[in-house]
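Here is what each chain is made of, one letter per residue.
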Protein chains: 4
Amino acid sequence: MNTPPLRDYERTVHFADTDAAGVVYFAHLLRFCHEAYEEALAQLGVDLRQFFSNAGLMVPITEAQVRFLQPLYCGDRLRVTIDPQRLDSSRFQLTYTLYNARGDRVAIAHTQHICLQEQQRVPIPEPLSRWVKSAPEDASDRED
Amino acid sequence: MNTPPLRDYERTVHFADTDAAGVVYFAHLLRFCHEAYEEALAQLGVDLRQFFSNAGLMVPITEAQVRFLQPLYCGDRLRVTIDPQRLDSSRFQLTYTLYNARGDRVAIAHTQHICLQEQQRVPIPEPLSRWVKSAPEDASDRED
Amino acid sequence: MNTPPLRDYERTVHFADTDAAGVVYFAHLLRFCHEAYEEALAQLGVDLRQFFSNAGLMVPITEAQVRFLQPLYCGDRLRVTIDPQRLDSSRFQLTYTLYNARGDRVAIAHTQHICLQEQQRVPIPEPLSRWVKSAPEDASDRED
Amino acid sequence: MNTPPLRDYERTVHFADTDAAGVVYFAHLLRFCHEAYEEALAQLGVDLRQFFSNAGLMVPITEAQVRFLQPLYCGDRLRVTIDPQRLDSSRFQLTYTLYNARGDRVAIAHTQHICLQEQQRVPIPEPLSRWVKSAPEDASDRED
């Protein structure tokens, strides 16, 4: 009945992700989060090329936030978990936790998304809808 | 007596800033903000190569947030204003407003920064300290 | 009669352009070149959003090369000149020279482009055609 | 006796890699190549954080070239092989072939590297030296 939980996203920090301070450039953390979102969509069976094109359904990000807890270095192994949460019939929020190889949290982040078709709000479509529904009940009273 | 206000940062949206949805990739908005921060520092007389190295004073970003109001396209002309605000003796927040060529706000964002030396908090140094002091008094009761 | 030469492209090296070795990440030099190409097109009156979309005429890059002569650092001021050259009726090459603030050449690069419509070669359209025609005659015996 | 061949590098094309033309931004192909180089180094036992810092041995890229054979789209699965080749006692070249999921070549590229210590040429150190030695003899008459 229930879909199995999605695998976490893992990747190595590349040299291109770093900056002259020797660590990952701050805004790239949100890129890692988006990569995890893409992998979750792929696991849900979404065609990424179609989904992230400029035709049909658009799901733009309306807000993004990230808190940096520990620096990340070139070669570090990163794991990203996503906690999806429905906000209303056309909007959802993804909360990301990023861990290093020792299991320390290195960052937490969230993005908010809205489903649009021809610039009008539309309901969150399948399979996204099923995914964000899978958020635990008590997630609803969390304030971020 | 008072330092003159800093010039706003302006730049054109490049093709490399866009994604397959035809607009600027969301996380790059924070890059535009950081570029504006760099230009403000340069106007204050800061040596950027030294400031953004991995030696001596470090001013890492501890939190970043951005709200997306309108999409940006390749070739769009962008203007970024910064409102600096002292949070405590070693921490400050920069609030960015991004405008397109028509003067519409396309995004608002903020970053929080902490001043560290050998991983210990240190007071905000000059000329940063003078800059963040220049925040209007009533900024202190703003909640973001 | 003759169109005046285009202005060179100038920009500052941003923190996001650097890597953990403290200098500009190698592949970003080609991004600077493309920015210069975009500014040249804008000066020629091209609508960048339309030109760099996925509809109608496509002018993909078929080859790119860059030689690195000197490192670039955060805050460095960069100037890029472009020498356009027609290769055949549908193909052209842009040769870029990148200078630092002291006037030293820091890199030379080129990109080759092909004009396609519905995946078929088409003649280089105006105003690009006029621009690449303006290459000096002796450019033809230059090695690439 | 012989070290086993290194595993190829594989990764998925991310949304952040694409541009408004709907395909991967040209210069990012070189980033994929560098990621493959990093993974090869990691397999050779190199500490990436140390290797790609601004201290001690520096191995800057002196030239890079890429030929684009087929476009790449968000979600495409990519495989990169590296053919290393010693150029002289302190210089080596890496030749990359990029394949899509169907096994088609989508790009070929190369980078040239020089080993420097305090801005003086030094011999290619282990384990890099062993790796680039492993290039087949007949690689020497390959044109670049």
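Residues numbered from 1 in each chain as written. Chains lettered and ligands numbered in written order. Predicted model: local features only at pLDDT ≥ 70, side-chain atom pairs only at ≥ 80, totals over all residues. Heavy atoms only, no water.

Per an unreviewed UniProt entry, chain A carries the name 1,4-dihydroxy-2-naphthoyl-CoA hydrolase and comes from Thermosynechococcus sichuanensis E542. Recorded in UniProt for chain A, the comment headed Sequence similarities (unreviewed entry) runs: "Belongs to the 4-hydroxybenzoyl-CoA thioesterase family. DHNA-CoA hydrolase subfamily." What the UniProt record of chain A gives under Function (unreviewed entry) is the line "Catalyzes the hydrolysis of 1,4-dihydroxy-2-naphthoyl-CoA (DHNA-CoA) to 1,4-dihydroxy-2-naphthoate (DHNA), a reaction involved in phylloquinone (vitamin K1) biosynthesis." (UniProt positions renumbered as here; feature names shortened; annotations may be inferred.)

A. Quick peek at the overall build of chain A. Regarding its fold elements, chain A presents three helices and seven strands. Here chain A holds 144 residues, and the buried ones make up 55% of them. Surface accessibility of chain A: about 6800 Å² in total, with carbon and sulfur atoms responsible for 47%. (Helix = DSSP H or I, 4+ residues; strand = E, 2+ residues; numbered from the N terminus. Buried < 20%, exposed > 50% of the residue type's maximum accessible area, 1.4 Å probe, protein only. Areas by Shrake-Rupley, 256 points an atom, 1.4 Å probe, with all protein chains shown as cover.)

B. Fine view of the nonpolar core. Core analysis: the biggest nonpolar cluster contains 94 residues, and Tyr37(C), Leu98(C), Tyr37(D) and Leu98(D) have the highest contact counts within it. When sequence neighbours within four positions are dropped, the list of residues in contact with Tyr37(D) reads Phe51(D), Phe52(D), Val59(D), Ile82(D), Phe92(D), Leu94(D), Tyr96(D), His113(D) and Trp131(D). With 91 residues, the next largest nonpolar core counts Val24(A), Ala36(A), Phe92(A) and Val122(A) among its residues. (Core = buried A, V, L, I, M, F, W, Y, C linked by side-chain atoms within 4.5 Å. Contact = heavy atoms within 4.5 Å.)

C. Geometry of the pairing of strand 4 (residues 91-99) of chain D. Residues and elements named next belong to chain D. Within strand 4, eight of the nine residues are buried, leaving the element largely enclosed by the surrounding structure. Both strand 3 (residues 77-88) and strand 4 contribute to a ladder of nine bridges, which runs antiparallel. Bridge assignment links Asp-88 to a residue of strand 4, and that residue is Arg-91. Taking the residues between adjacent antiparallel strands as the criterion, strand 3 and strand 4 are bridged by two residues. In this sheet, strand 5 (residues 105-114) lies alongside strand 4 in antiparallel orientation, the contact comprising nine bridges. The partner of Thr-97 across the bridge, within strand 5, is Ile-108. (Pairing = 2+ DSSP bridges.)

D. Representation of the interface of chain B and chain A within the structure. Across the boundary between the two partners, chain B contributes 23 residues, which contact 23 residues of chain A. Viewed at the interface, chain A and chain B are joined by two salt bridges. For Glu63(A), the salt bridge goes to Arg67(B), with nearest N and O atoms at 3.9 Å. The tally of links between chain B and chain A comes to six residue pairs in polar contact (both at pLDDT 80 or more). Looking at the side of chain B that touches chain A, the elements with two or more residues in it are helix 1 (28-43) and strand 2 (61-68) of chain B. (Salt bridge = Lys/Arg side-chain N within 4 Å of Asp/Glu carboxyl O. Polar contact = N/O pair within 3.5 Å; in protein donor to acceptor, adjacent residues only side chain to side chain.)

E. The arrangement of the packing of aromatic side chains in detail. According to the stated counting rule, one finds 24 aromatic pairs over all chains in the structure shown. Pairing Tyr25(A) with Phe26(A) gives two aromatic rings, centres 5.1 Å apart and planes at 65 degrees, and the pair type is edge-to-face. You can call Tyr25(A) buried: its relative accessible area is 1%. Judged by centre distance (5.9 Å) and plane angle (65 degrees), the ring pair of Tyr25(B) and Phe15(D) falls under edge-to-face. You can see Tyr25(B) sitting in the loop between strand 1 (9-12) and helix 1 and its partner Phe15(D) sitting in the loop between strand 1 (9-12) and helix 1 (28-43), one on each of two chains. Clustering of aromatic rings is evident, with ring pairs tying together Phe15(A), Tyr25(C), Phe26(C), Phe68(C), Tyr37(D), Phe51(D) and Phe52(D). In this structure, Arg49(C) packs its charged tip against the face of Tyr73(B), placed 3.3 Å from the ring centre. Looking at Arg79(D), its charged tip hangs above the ring of Tyr99(D), at a distance of 4.6 Å from the centre. (Phe/Tyr/Trp six-rings, centres within 6.5 Å; stacked < 30°, edge-to-face > 60°. Lys NZ or Arg CZ within 6 Å of the ring centre and 35° of its normal.)

F. Main features of the pattern of salt bridges. All names here are of chain A. Per the counting criterion, the structure on display carries 38 salt bridges over all chains. Its salt-bridge partner being Asp-17, residue Arg-11 comes within 2.6 Å of it at the nearest N-O pair. When salt bridges that share partners are traced, they join Arg-11, Asp-17, Arg-31 and Glu-35 into one network.

G. Structural context of the relation of the copies chain D and chain C. Screw-axis analysis of chain D against chain C gives a translation of 0.0 Å along the axis, an RMSD of 0.0 Å, and a rotation angle of 180 degrees. The superposition of one copy onto the other is thereby described by a two-fold rotation axis. Among all C-alpha atoms of chain D, that of Gln65(D) lies closest to the rotation axis, at 2.1 Å. (Least-squares fit on C-alpha atoms with pLDDT ≥ 70 in both.)

H. Representation of the interface of chain D and chain C. Taken together, the contacts link 23 residues of chain D with 22 residues of chain C. At the boundary of chain D with chain C, total buried surface from both sides reaches about 1900 Å², with 61% on carbon and sulfur atoms. Contact with chain C buries surface across chain D, with Tyr25(D), Phe26(D) and Phe68(D) losing the most and accounting together for 24% of the total. For the interface between chain D and chain C, the tally reads two salt bridges. Inspection of the region where chain D meets chain C yields six residue pairs in polar contact (both at pLDDT 80 or more). (Buried area = accessible area lost by both parts, 1.4 Å probe.)

I. Spotlight on the environment of Leu116(D). Residue and element names in this part refer to chain D. Tracing the sequence through the fold places Leu-116 in strand 6 (residues 116-117). For the pair Leu-116 and Glu-39, spaced 77 residues apart in sequence, the C-alpha to C-alpha distance is 21 Å. Sequence-distant contacts of Leu-116, that is, excluding residues within four places in its chain, are made with Gly-56, Leu-57, Met-58, Pro-60, Arg-121 and Val-122.

J. Up close: the relation of the copies chain B and chain A. If you rotate chain B by 180 degrees and push it 0.0 Å along the axis, it lands on chain A with an RMSD of 0.0 Å. The fraction of interface residues of chain B whose copies in chain A are also interface residues reaches 100%, indicating that both copies meet through the same surface.

K. How the structure looks around the environment of Leu44(A). All names here are of chain A. You can see Leu-44 is positioned in the loop between helix 1 (28-43) and helix 2 (48-51). Taking the C-alpha atoms as reference, Leu-44 lies 9.5 Å from Arg-130; in sequence the two are 86 residues apart. The contact partners of Leu-44, leaving out residues within four places of it in the chain, are Leu-6, Pro-127 and Trp-131.

L. A look at the sheet that holds strand 2 (residues 61-68) of chain A. Within the open sheet, the ten strands sit side by side as 1(A)-3(A)-4(A)-5(A)-2(A)-2(B)-5(B)-4(B)-3(B)-1(B). Their pairing is antiparallel. Two strands lie at the open edges of the sheet, namely strand 1 (9-12) of chain A together with strand 1 of chain B, each paired on one side alone. With direction set aside, neighbouring strand axes in the sheet form an average angle of 20 degrees. Contacting strand 1, strand 2, strand 3 (77-88), strand 4 (91-99) and strand 5 (105-114) of chain A, helix 1 of chain A crosses the sheet at an angle of about 115 degrees to strand 4 of chain A. Against the sheet, helix 1 of chain B engages strand 1, strand 2, strand 3 (77-88), strand 4 (91-99) and strand 5 (105-114) of chain B, with an angle of about 115 degrees to strand 4 of chain B. (Axes fitted to C-alpha atoms, helices over the stretch in contact; angles between N-to-C directions.)

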